[in-house]
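Residue-level listing of the chains:
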Amino acid sequence: MAFLMIRHIKAALKQGQALNNRVLYNAYSSTQTFKYEDIQIELSKNLKPKPDPDKLTFGKSFTDHMLTIAWSEQNGWDKPQIQPFGNLSLHPAASVLHYALELFEGMKAYRGVDNKIRLFRPMSNMDRMYNSSVRCSLPPFDKEELLKCLSKLVSVDKEWVPYSTTSTLYIRPTYISTEPTLGVASPGHALLFVILGPVGPYFPTGAFNPVTLYADTENVRAWKGGVGDCKMGSNYGPTIMPQKAAAAKGCQQVLWLYGEEHLLTEVGTMNIFVSWHNEQGEKELITPPLDGTILPGVTRKSLLDLARSWNEFKVTERTLSMKQFKKALSENRIHEMFGAGTACVVCPVNKILYKGEWMDIPCTIDDTSLTKRFFTELTDIQYGRVPSDWVQEVD
């Protein structure tokens, strides 16, 4: 199989065909992967006390175990291992530390009202993680096998899934290059690992409280031809300084703009949605299109799917400039604006600071609002109050 793939590539090159990175990547190591059936489990002998689910902050607590799967060019994938949570040992020249050859995912496990533990559309996360690994030139993996291994880890640490409908177990699959060289090249060593931690609301203000945004006209989160559609750490580190600047101006999050038209792209680490009446008088829900600058969020996808299934208003993926937004706001055509993501589900926006001017955004967070409707429908599915094929139960 591998020989035929290589022969096909060589033949294509001789014919002068332009082969894209994905074809070369799939041919690179399509012959083997790790298997769930080979998983090895070492249980921790020193279990930690569980934190109070009502006092959880985001990303500060971690469970008793982690999943690790090492890869090398010479030996391929090692057997998956669930082991006691602990530190990693890296060579000082590991290329993840120097060239940011790293990517991650963000998922959650929910303890339902029936005490069953569920994952929400987990294969969508696996698809996105695989696509990010293509762009990061990390070796391919089998998405279904990783999901099985990840689910087993959640099962081992199932008592860490909060007995709560406001807190969850956050799942952080991470994939890094451990190649011990200062050369800039595809790695010959890599590590895929998964850690877990119980979390409360993402924002310190609590769940479903409106946030204020600073529309940043200087810094850019992503650009066409870049990696804005991939979940890489290199997309997030550079946002910390603008976020601090926004906080100094009295804003909780950054509204990321793009281009001379100041197109709305994302808000903080979330996708963005606007509910309005467009210039044709139609009620419409819009969100920026997946043009390479936007992360294809699982929550984003779910909100679009829900809205289209309701068939009550127009649902559009298209660009929206600040000029268009301001005009609509002045004409009272803006109904709601909110961010959406795994960490917060949906988050209403009530103010924007743009070029020194504060703009008040209509923000009703009672049961009549679209934002609250989305929040209720999604969380009802995630916590098992409503049956759905979007969830996968963990044994």
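See the structure above.
The following refers to the structure shown. (Residues numbered from 1 in each chain as written. Predicted model: local features only at pLDDT ≥ 70, side-chain atom pairs only at ≥ 80, totals over all residues. Heavy atoms only, no water.)

## Focus on the overall build of the protein
Step number 1: Counting its regular elements, the protein contains nine helices and 19 strands.
Step number 2: A globule of 395 residues ought to have a C-alpha radius of gyration of about 21 Å, and the protein, at 22 Å, matches this closely.
Step number 3: Relative to its 395 residues, the protein shows a buried fraction of 51%.
Step number 4: Taking all contacts inside the protein whose residues are at least 6 apart in sequence as the whole, residues at least 24 apart take part in 71%.
Step number 5: Of the roughly 18,900 Å² that the protein leaves accessible, carbon and sulfur atoms contribute 51%.
Step number 6: If you average the places of the 43 positive and of the 42 negative side-chain charges in the protein, the two averages end up 2 Å apart. (Helix = DSSP H or I, 4+ residues; strand = E, 2+ residues; numbered from the N terminus. Rg over C-alpha atoms; globule rule 2.2 N^0.38 Å. Buried < 20%, exposed > 50% of the residue type's maximum accessible area, 1.4 Å probe, protein only. Contact = heavy atoms within 4.5 Å. Areas by Shrake-Rupley, 256 points an atom, 1.4 Å probe, with all protein chains shown as cover. Lys, Arg positive; Asp, Glu negative; His and termini not counted. Charge placed at Lys NZ, Arg CZ, Asp CG, Glu CD.)

## Observations regarding the side chain of Ser-44
Step number 1: Assignment of secondary structure puts Ser-44 in the loop between β1 (40-41) and β2 (65-72).
Step number 2: Reaching out from Ser-44, the side chain makes a polar contact with the backbone nitrogen of Asn-46 at a distance of 3.1 Å.
Step number 3: Among residues more than four places away in sequence, those in contact with Ser-44 are Asp-64, His-65 and Pro-84. (Polar contact = N/O pair within 3.5 Å; in protein donor to acceptor, adjacent residues only side chain to side chain.)

## Here we look at the state of the cysteines
Step number 1: Going through the model one piece at a time under the given rule, you end up with zero disulfides.
Step number 2: No disulfide involves Cys-251; its sulfur sits 13 Å from the nearest other cysteine sulfur, which is in Cys-347. (Disulfide = S-S within 2.5 Å.)

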